[in-house]
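Secondary and tertiary structure notes
If you want the building blocks of each chain, they are given just below.
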Amino acid sequence: MIKEEKILFVGGKGGVGKSTSAAAIALMLANLGEKTLLVSTDPAHNVGDIFHKTLKNDPIQVYPGLDALEIDPSIETSNYIKKVKENIRGVVKSHMQQEVYRQIDAASSAPGAEEASLFDRIVSIILDEGEAYDRIIFDTAPTGHTLRLLTLPELMSVWIDGMLERRKKRNDTYTQLLNDGEPVEDPVFQVLQQRKIRFLNVRKILLNKNKTGFIFILNPERLSIIETSKAVKTLADHDLHVSTLFINKILSQEVDGDFWKKRKQNEQDYLSWIEKEFAQQDKHYIPLFETDINSLELLKSFATFLNNHLKTT
Ligand SMILES: Nc1ncnc2c1ncn2[C@@H]1O[C@H](COP(=O)(O)OP(=O)(O)OP(=O)(O)O)[C@@H](O)[C@H]1O
Ligand SMILES: [Mg+2]
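Described below are features of the structure shown in this document. Since this is a predicted model, take the numbers as computed values, not measurements.

This part takes up the overall build of the chain. When helices and strands are tallied, the chain shows 10 helices and eight strands. Reported as C-alpha extents along the three principal axes, the dimensions of the chain are approximately 85 × 40 × 35 Å. Taking all contacts inside the chain whose residues are at least 6 apart in sequence as the whole, residues at least 24 apart take part in 75%. Summed over all atoms, the accessible surface of the chain reaches about 16,600 Å², with 52% contributed by carbon and sulfur. In the chain, the 40 positive side-chain charges and the 44 negative ones have mean positions that sit 2 Å from each other.

Next comes the structure, spelled out in structure tokens:
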């Protein structure tokens, strides 16, 4: 785990340490000589802050061997709309074109448009842009959002199947009525077909345990455990298996005073619960650092801790 799969998704509840862990894993891999891309898919980006760099919609180098990017949903949505227009140009009769474009522009601000375009970019990173890298680490948004994204390939292909089916029926009718039985060329059918193939390819990669890993980050706290447990089950329902957990922000053994001793005991109870609840997963315990991990130096210590720890497991 972590040392093998090309693609890693880092997920978990808000504030548990997803971005920090994703950045530390990416740094560790870059230090091991793997050309790594760190991708933030969370609209509330904070990967740039960790490296003290302003990240863009396209990769920039943040460390030798490590590039990072933050997907910008507004840029992606306008690119997506441009692509949709290109796809239908030549398909729609010219006197209709203005009206169709107007409809598409209106759709770009509809609910779901940003999610669809974000998803398209992830597909493009996995299938095309990622070829230049040995490893791709996705830092994701808090749980619900990520789950929807990961289950989209399945939903989208079912949806496209429905459209293809209807399109085919219509074409068969045209073939009989208008074209003397000769099949009609249907560019819309072809565009849909191509999209379907891309989604199926991505889904195949997401389902392949040798290619894609899912890591969940959690803290030894009640809500974090409950939410992680639900998320692990939801993903399993879609055949996506979370094999690794980082239990982050573990208190040091050397705590002094009644207050901290009580906290440590409380933590111990949660750790026992985690052991039982997540018997199937590899579990890695990450200490709470003395301060926030807000500099490259501290991130390097996190990455070094991780590397030493993984060597022994
Ligand atoms: N092991 C740790 N020790 C000390 N501080 C930590 C540790 N892990 C994370 N932090 C700090 O906790 C805060 C939240 O971490 P981070 O931003 O990585 O969480 P996140 O899960 O990505 O949050 P969000 O859901 O908002 O994206 C940050 O200030 C980070 O520096
Ligand atoms: Mg984050």
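If you check helix 5 (residues 113–127), its first and last C-alpha atoms are 21 Å apart, about what 15 residues at 1.5 Å a residue would give, namely 21 Å. Counting buried positions over the 15 residues of helix 5 gives 14, a clear majority of the element.

By nearness alone, 19 residues border ligand 1, and Lys18, Ser19, Thr20, Phe289 and Ile293 come closest of all. Contact between ligand 1 and Lys18: an oxygen atom at 2.7 Å from a side-chain N or O atom of the residue. A distance of 3.0 Å separates a nitrogen atom of ligand 1 from a polar atom in the backbone of Pro287. Protein coverage of the free-state accessible area of ligand 1, which is 630 Å², stands at 83%. In this structure the site holding ligand 1 corresponds to the second largest pocket. The set of elements that each furnish at least two residues to the shell around ligand 1 consists of helix 1 (18–31) and strand 7 (242–250).

So, on to the pattern of salt bridges. All chains considered together, the criterion is met by nine salt bridges. Here Arg135 makes a salt bridge to Glu34, at a shortest N to O gap of 3.5 Å. Of this pair, Arg135 sits in strand 5 (residues 135–139) while Glu34 sits in the loop between helix 1 and strand 2 (36–40), placing them 101 residues apart in sequence.

Looking now at the nonpolar core. Phe9, Val39, Ile125, Ile126 and Phe138 are the most contacted members of the largest nonpolar core, which totals 41 residues. Sorting elements by how many residues they give to this core places helix 5 first, with seven residues. When sequence neighbours within four positions are dropped, the list of residues in contact with Val39 reads Leu69, Ile71, Ile125, Ile136, Ile137, Phe138 and Asp139. Among the nonpolar cores identified, the runner-up in size contains 34 residues, and Ala26, Phe51, Tyr63 and Leu306 belong to it.

Time to look at the layout of surface pockets. Approximately 480 Å³ is the volume attributed to the second largest pocket. Residue lining of the second largest pocket: 23 residues in total, with Gly15, Gly17, Thr20, Lys249 and Ile293 positioned closest to the centre. Of all the secondary structure elements, the ones that give two or more residues to the lining of the second largest pocket are helix 1, helix 2 (47–51) and strand 7. In terms of residues, the lining of the second largest pocket owes the most to one element, helix 1, which gives three residues. Here the residues of the lining of the second largest pocket are counted per class, giving eight nonpolar, nine polar and six charged.

Time to look at the packing of aromatic side chains. Counting across every chain of the model gives six aromatic pairs. Aromatic pair Phe119 and Phe199: ring centres 5.4 Å apart, planes at 35°, arrangement tilted. One end of the pair, Phe119, is in helix 5; the other, Phe199, is in helix 7 (residues 187–207), with 80 residues separating them in the sequence. Both residues of the pair, Phe119 and Phe199, count as buried. Ring geometry for Phe289 against Phe302: centres 5.8 Å apart, planes inclined by 20°, an arrangement best described as stacked.

On to the side chain of Asn57, then. Take Asn57: it is sitting in the loop between helix 2 and strand 3 (60–63). Look at Asn57 and you get buried, because its relative accessible area is 11%. A polar contact of 2.8 Å, which involves the side chain of Asn57, links it to the backbone nitrogen of Asp72. Other than its neighbours up to four places away in sequence, Asn57 contacts Leu69, Glu70, Ile71, Asp72, Ile75, Glu76 and Arg121.

Another aspect to go through is the pairing of strand 6 (residues 212–218). Within strand 6, seven of the seven residues are buried, leaving the element largely enclosed by the surrounding structure. Side chains Thr212, Phe214, Phe216 and Leu218 project from strand 6 onto one buried face, and the interleaved Gly213, Ile215 and Ile217 project onto a second face that is buried too. Here six bridges tie strand 1 (residues 7–12) to strand 6, and the two strands are oriented parallel to one another. Bridge pairing in strand 6 places Leu8 opposite Gly213. Bridging between strand 6 and strand 7 involves five bridges; their strand directions are parallel. Bridged to Phe216 within strand 7 is Leu245. Read as a crossover between parallel neighbours, the route from strand 6 over helix 8 (residues 222–237) to strand 7 is right-handed.

Rules used throughout
- Residues numbered from 1 in each chain as written.
- Chains lettered and ligands numbered in written order.
- Predicted model: local features only at pLDDT ≥ 70, side-chain atom pairs only at ≥ 80, totals over all residues.
- Heavy atoms only, no water.
- Helix = DSSP H or I, 4+ residues; strand = E, 2+ residues; numbered from the N terminus.
- Contact = heavy atoms within 4.5 Å.
- Areas by Shrake-Rupley, 256 points an atom, 1.4 Å probe, with all protein chains shown as cover.
- Lys, Arg positive; Asp, Glu negative; His and termini not counted.
- Charge placed at Lys NZ, Arg CZ, Asp CG, Glu CD.
- Expected span 1.5 Å × (residues − 1).
- Buried < 20%, exposed > 50% of the residue type's maximum accessible area, 1.4 Å probe, protein only.
- Near = heavy atom within 4 Å.
- Polar contact = N/O pair within 3.5 Å; in protein donor to acceptor, adjacent residues only side chain to side chain.
- 1 Å grid on protein atoms, 1.4 Å probe; cavity = no way out; pocket = protein on both sides within 12 Å on 5 of 7 lines; lining within 4 Å.
- Sits in = over half its atoms within 2 Å of the grid points.
- Salt bridge = Lys/Arg side-chain N within 4 Å of Asp/Glu carboxyl O.
- Core = buried A, V, L, I, M, F, W, Y, C linked by side-chain atoms within 4.5 Å.
- Points joined across faces, edges and corners; volume = space filled by probe spheres on them.
- Nonpolar A, V, L, I, M, F, W, Y, C, P; charged D, E, K, R; others polar.
- Phe/Tyr/Trp six-rings, centres within 6.5 Å; stacked < 30°, edge-to-face > 60°.
- Pairing = 2+ DSSP bridges.
- Right-handed = clockwise from strand over helix to strand, strands pointing away.

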